[in-house]
Amino acid sequence: HPPSSVLLPPPAPARLHQNKTKNAATIPTMIRSAAAIALGRGQMVLCTSSKTADTMTLSRVRSPNISGIFTRRSSAAVTAEDTSFASAPSPRNSSDKTRSNEVDTPHSRPSAYVSGPVTHFGYADVSVSEKETKVREVFESVAESYDVMNDLMSAGLHRLWKDELIAMTGISAMANAVRRRAGTSRTIMDDRPLLSILDVAGGTGDVAFRFVDAAGCPERALSSGRDEISVTVCDINKEMLKVGEQRARGRYGDGTLLVGNDKDSTQALQFVQGNAQCLPFADDSFDIYTIAFGLRNVTDVDMALRDAVRVLKPGGRFLCLEFSKLPNPLLSALYDSYSFNVIPTIGEIVTHDRGSYQYLVESIRKFCDQGELKKRMETAGFANVTYTNMTGGVVAVHSGWKPLSTA
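The rules behind these values
Residues numbered from 1 in each chain as written. Predicted model: local features only at pLDDT ≥ 70, side-chain atom pairs only at ≥ 80, totals over all residues. Heavy atoms only, no water. Pairing = 2+ DSSP bridges. Helix = DSSP H or I, 4+ residues; strand = E, 2+ residues; numbered from the N terminus. Axes fitted to C-alpha atoms, helices over the stretch in contact; angles between N-to-C directions. Contact = heavy atoms within 4.5 Å. Buried < 20%, exposed > 50% of the residue type's maximum accessible area, 1.4 Å probe, protein only. Polar contact = N/O pair within 3.5 Å; in protein donor to acceptor, adjacent residues only side chain to side chain.

**Observations regarding the sheet that holds strand β10 (residues 383–390)**
Point 1. Strand order in the open sheet formed by 7 strands is β7-β6-β5-β8-β9-β11-β10, with mixed pairing between adjacent strands. Either end of the sheet is taken by a strand with one partner, and the two such strands are β7 (269–273) and β10. With direction set aside, neighbouring strand axes in the sheet form an average angle of 15°.
Point 2. Here 5 bridges tie strand β6 (residues 229–235) to β7, and the two strands are oriented parallel to one another. Residue pairing for β7: Cys234 is matched across the bridge by Val272.
Point 3. Lying over the sheet, helix α9 (residues 301–311) contacts β5 (195–200), β8 (286–292) and β9 (312–323), oriented at roughly 145° with respect to β9.

Right under this line is the structure:
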């Protein structure tokens, strides 16, 4: 039998307080609000449920207080509605999220993401074999300035979106529970991680470092032995990985956390080159799989989703943070105007590379909307698939679970 994931019940989400104004904010207003955050004056409008377009305000992301030790479950699959191990019920009504058993037209049976020898690269048609090369060239071009450009493109919002992604995993509470469990029942000979996290297309480490910090890995590195928690960054682009490793060494020091030859390393963090469509990992390897702003750049999204199911342990969770579609036509038009007129210009000024950022904008428009991606995840084999819109639908987090049994 394949190893089951440590129980990963979905935590109560960060408390969201409804704003009095609904859908009144324009994209410039969002950017000004984001600038206010950077100056420490307030919090930005962040999240909406997948069922409404009501604007919400995120007060502060806090990890849920989950008590007890997570245990393995041998019967009914871990579901996105299971909060039996949470210390407090979710403040969000259960009807707020889209469920996999609902009729969701017109995406009831999505066609294959890639069919035939031609696919898209932004708005251009290219051969399937050519797209991977072109995407690699884009990210090699922007690797050194990628996170800075994300700040400029989103006015810092990408940092808050990623913070919320991490909060949705409940990693802080899970890490505490795993470490308590390790302290009471782990043998000296068993040095395998008890909680394994994979971040795909995260070469610069922006999401992985959030996992490492939230899980308390730097503090754990003060003790000897291998960490009970491991975070693996996988990216197809070696230039992005190079930037990520350099940042990790600058952030945590040489030989402290990184997997390598240093015998004193806790091996909590490693960088691996690999393709999301055929990951270089064994079946049933990870408890959590995240991919942030990377899925739309994959040549065959369906293949990547199927491989995500393969590498997750039964009961493991998949979370995808990706640009999506605004349901409000006025906001959508304003956002399009900003994207096509401002973002490539910023790219040209900061990196002297307008073309790469023109592609990034176009790739967002060519990618699935929320309902289509949900159906593709279900077709790939994920259960209890939900999505949560952020900033009115500019981005969305899709969540799904690998069933405990495929029978």
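On we go.
**Re the side chain of Ser399**
Point 1. Take Ser399: it is sitting in strand β11 (residues 395–401).
Point 2. Judged by relative accessible area, Ser399 falls into the buried class, the value being 2%.
Point 3. At 2.9 Å, the side chain of Ser399 and the side chain of Arg317 are in polar contact.

**Points about the environment of Ser324**
Point 1. Summarising the element assignment, Ser324 is placed in the loop between β9 and α10 (329–341).
Point 2. Ser324 sits 68 residues away from Gly392 along the chain, and the two C-alpha atoms are 9.7 Å apart.
Point 3. Among the polar contacts made by the side chain of Ser324, one reaches the side chain of Gln370 at a distance of 2.9 Å.

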